[in-house]
Amino acid sequence: MLLEFGIAATALCLLSMRRESEASERENENMISDQMAQQMNELFIVTNLKNSRDEYVKIADYEKTEMSRLYEVSIPLGLSYTVVAKLHDALETALKRKVKVITQDRTAYIKVYDRELPAKLVDIVPNRPATDDVIIPIGYGWDGVVWWQLNSDYCHAYIGGGVGSGKSSCTHTIITYVTEQYPDIKLLLIDLKRTELGLYEHMDNVEAYVNQRDEIHALAVRIHDEMIARYDKMTDVDKIDDYNNLHPNDRMERWIVMFDEVFDFMLLEDETKDLIATILSKSRACGIHFVFSTQRAVNNVLPTEITTHLSLRVGFRMNSSQESKNLVEDTVLATISKDHKGRGYTNANGDLEEFQGYFMSREKREAIAKKHQRRMSEETKVKRGWFK
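What you are looking at is a predicted structure, and each value in this text was computed from that prediction instead of being measured.

Cut-offs and rules
- Numbering of residues begins from 1 in every chain and follows the order in which that chain's sequence is written.
- For this predicted model, a pLDDT threshold of at least 70 governs which residues receive local features, and a threshold of 80 or more governs which side-chain atom pairs are given and counted, while totals over whole chains, interfaces and linings are taken from all residues.
- Calculation of side-chain values draws on the structure's entire complement of heavy atoms; hydrogens and water are dropped beforehand.
- Numbering of helices and strands runs from the N terminus; a helix is a DSSP stretch of H or I covering at least four residues, while a strand is a stretch of E covering at least two.
- Buried residues are those whose accessible area, probed at 1.4 Å on protein chains only, stays under 20% of the maximum for their type, while exposed residues exceed 50% and partly exposed ones sit between those limits.
- Two residues qualify as a contact provided that any one of their heavy atoms is within 4.5 Å of a heavy atom in the partner residue.
- Areas reported here follow the Shrake-Rupley algorithm with a probe of radius 1.4 Å; residue values treat only the protein chains shown as occluding.
- Strand pairing is assigned whenever DSSP detects at least two bridges linking the two strands.
- Only the stretch in contact is used when a helix axis is fitted, and all axes are lines through C-alpha atoms; the angle between N-to-C directions ranges over 0 to 180 degrees.
- Read the arc as the range of directions from the helix axis to the C-beta atoms.
- For our purposes a nonpolar core is just a set of buried Ala, Val, Leu, Ile, Met, Phe, Trp, Tyr and Cys residues, chained together by side-chain atoms within 4.5 Å.
- Between 30 and 60 degrees the pair is tilted, below 30 it is stacked and above 60 it is edge-to-face, where a pair is any two Phe, Tyr or Trp rings, Trp via its six-membered ring, whose centres lie within 6.5 Å.
- Whether a charge lies above a ring is judged from NZ of Lys or CZ of Arg, which has to be within 6 Å of the ring centre and within 35 degrees of the ring normal.

We now examine the overall build of the chain. Of the regular secondary structure elements, the chain holds 10 helices and 14 strands. Taken along the three principal axes of its C-alpha coordinates, the chain extends 75 × 75 × 50 Å. Split into buried and exposed, the 388 residues of the chain put 44% on the buried side. Of the contacts formed within the chain by residues at least 6 apart in sequence, a portion of 64% connects residues at least 24 apart. Looking at the chain as shown, the accessible area adds up to about 20,600 Å², and 48% of this sits on carbon and sulfur atoms.

Structure (structure tokens):
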């Protein structure tokens, strides 16, 4: 009896200590939030953010989330709710933290982040979320995982970055994540450098692997024919997902065409370029997606009739402001330090946002490629020819 009483007393003591600790932590967090609100109110006064009646912009309320503090801003009559956005840099300097200004439904919010982006993400990828949408991780941003949602307006991607920037790691992340999480999606790999994607050539989800420039036209014709065949089936629906829901026994799986290092694209015949541009303009609804990647985002590599369809932009460190603008319509990629390998910016969620990309080690990639290696007879190999 005494032993049981002692155990219960110890448990109650520990529970009390934990509650006191949690209360102390909440009190400390509230104090930090109040101090930040006061700093921002002082900044609004110093910058003369007021209307003609001397009513200043001020913090109205806030809430603490897991990764940030969200402050609602009260805007007096006569001022635009967008005035707070002009103070973005000043807010970051005053608070010494990453800040995001949000304008929504004619209301302004200031989000203050409590942490930095991770410096490295080696052999770490998020679990597949519980959703029917096909989503692929691009990196880890200030608000969590940055996802590429294939069945959205961002159906084709353009990835760019200089040597050692993290661009190739992003390509490997897409390939290995799709292979592990969406094994029914087929990959068509164009690897003219013959150094990056050859590891995946014999995986069972790789529909085609091409490493010769003179083979690209035949592949483009094959993709075009597949697109036409899909649309011939989709007479009663507009999207591949709707078709698959109506025809579960005749599903059409998505294709992702990975064109690694597109510098050789400008050497292709005009007929091939035009055919690829045609596919890009029409293939969104039938589940055929393209990913182009390059070290140099210069105008003469990919023509406008191609880049105009590459709505998802993923950029890592670039060597020049112009290349950065060509890729993400902003010079920010040229400001990324060489020490920040894997740091990038993307428009995956609409506005351009910073993220830290994932890095897949050679050992991890080899393990995944081996795990999913195709097993086929010699007869099958002969029948498939280049279409491996």
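For sheets, the rule is that strands pair by backbone hydrogen bonds, running either parallel or antiparallel. Read across the sheet, 10 strands follow the order 6-5-14-13-12-7-11-10-8-9 without closing on themselves; strand pairing throughout is mixed. Taken across any chain shown, the strands that pair with only one partner, and hence form the sheet edges, are strand 6 (144-149) and strand 9 (206-210). Each strand axis lies, on average, 25 degrees off the axis of its neighbour in the sheet, ignoring direction. As paired elements, strand 7 (residues 157-160) and strand 12 (residues 312-316) share 4 bridges and run parallel to each other. When the sheet's bridge partners are listed, Ile159 is paired in strand 12 with Val314. Contacts between helix 8 (residues 321-328) and the sheet are confined to strand 7, strand 12 and strand 13 (343-346), with strand 12 contributing the most and set at about 155 degrees to the helix.

Among all positions of helix 9 (residues 362-371), only Arg365, Ile368 and Ala369 are buried. On an axial view of helix 9, the arc spanned by its buried residues comes to 100 degrees, and they lie on one face. When the buried face of helix 9 is taken as reference, the exposed residues oriented beyond 90 degrees from it are Glu363, Lys370 and Lys371. Those residues of helix 9 hidden inside the fold are in contact with helix 3 (167-181).

Strand order in the open sheet formed by 4 strands is 1-2-4-3, and the pairing between neighbours is antiparallel. Both edges of this open sheet fall to strand 1 (58-64) and strand 3 (99-104), since each of them pairs with a single strand only. Strand after strand, the sheet turns through a mean of 25 degrees between neighbouring axes, direction not considered. Of the pairings in the sheet, the one linking strand 1 to strand 2 (residues 68-74) comprises 6 bridges and is antiparallel in character. Bridged to Glu63 within strand 2 is Leu70. Contacts from helix 2 (residues 88-95) reach strand 3 and strand 4 (107-113) within the one sheet, and its direction differs from that of strand 3 by about 140 degrees.

Attention now goes to helix 8. By the burial criterion, the buried members of helix 8 are Glu323, Ser324, Leu327 and Val328. An end-on view of helix 8 places all buried positions within 105 degrees of arc, on one side of the element. Those residues of helix 8 that are buried are in contact with strand 7, strand 12 and strand 13. In the segment just after helix 8, Glu329 is the residue with positive phi, at about 60 degrees.

Glancing now at the nonpolar core. Counting residues in each nonpolar core, the largest one holds 43 residues, and the members touching the most others are Ile223, Phe265, Ile276, Phe290, Phe292, Leu302 and Ile306. If you list the elements that add at least two residues to this core, you get strand 8 (186-191), strand 9, helix 4 (216-233), helix 5 (240-246), strand 10 (255-260), helix 6 (270-282), strand 11 (288-294) and helix 8. If near-sequence neighbours (up to four positions away) are discounted, Ile223 is found in contact with Leu188, Trp255, Val257, Ile279, Ile288 and Phe290. With 33 residues, the next largest nonpolar core counts Val134, Trp148, Ile174 and Met258 among its residues.

On to the packing of aromatic side chains. Counted according to the given criterion, the structure contains 9 aromatic pairs. Where Tyr62 meets Tyr71, the ring centres are 5.5 Å apart and the plane angle is 45 degrees; that geometry is what we call tilted. By relative accessible area, which is 26% here, Tyr62 ends up partly exposed. The exposure class assigned to Tyr71 is buried, which follows from its relative accessible area of 0%. An aromatic cluster of at least three residues, connected via ring pairs, comprises Phe259, Phe265, Phe290 and Phe292. The positively charged end of Arg230 is found above the aromatic ring belonging to Trp255, 5.4 Å away from the centroid.

Moving on to unusual backbone geometry. Positive phi, normally seen in glycine, also occurs at Asp54, with a value near 60 degrees. The topology assignment puts Asp54 in the loop between helix 1 (2-46) and strand 1. The phi torsion at Arg194 lies on the positive side, around 60 degrees, for a residue other than glycine. Structurally, Arg194 can be placed in the loop between strand 8 and strand 9. Overall, the relative accessible area of 49% leaves Arg194 in the partly exposed class.

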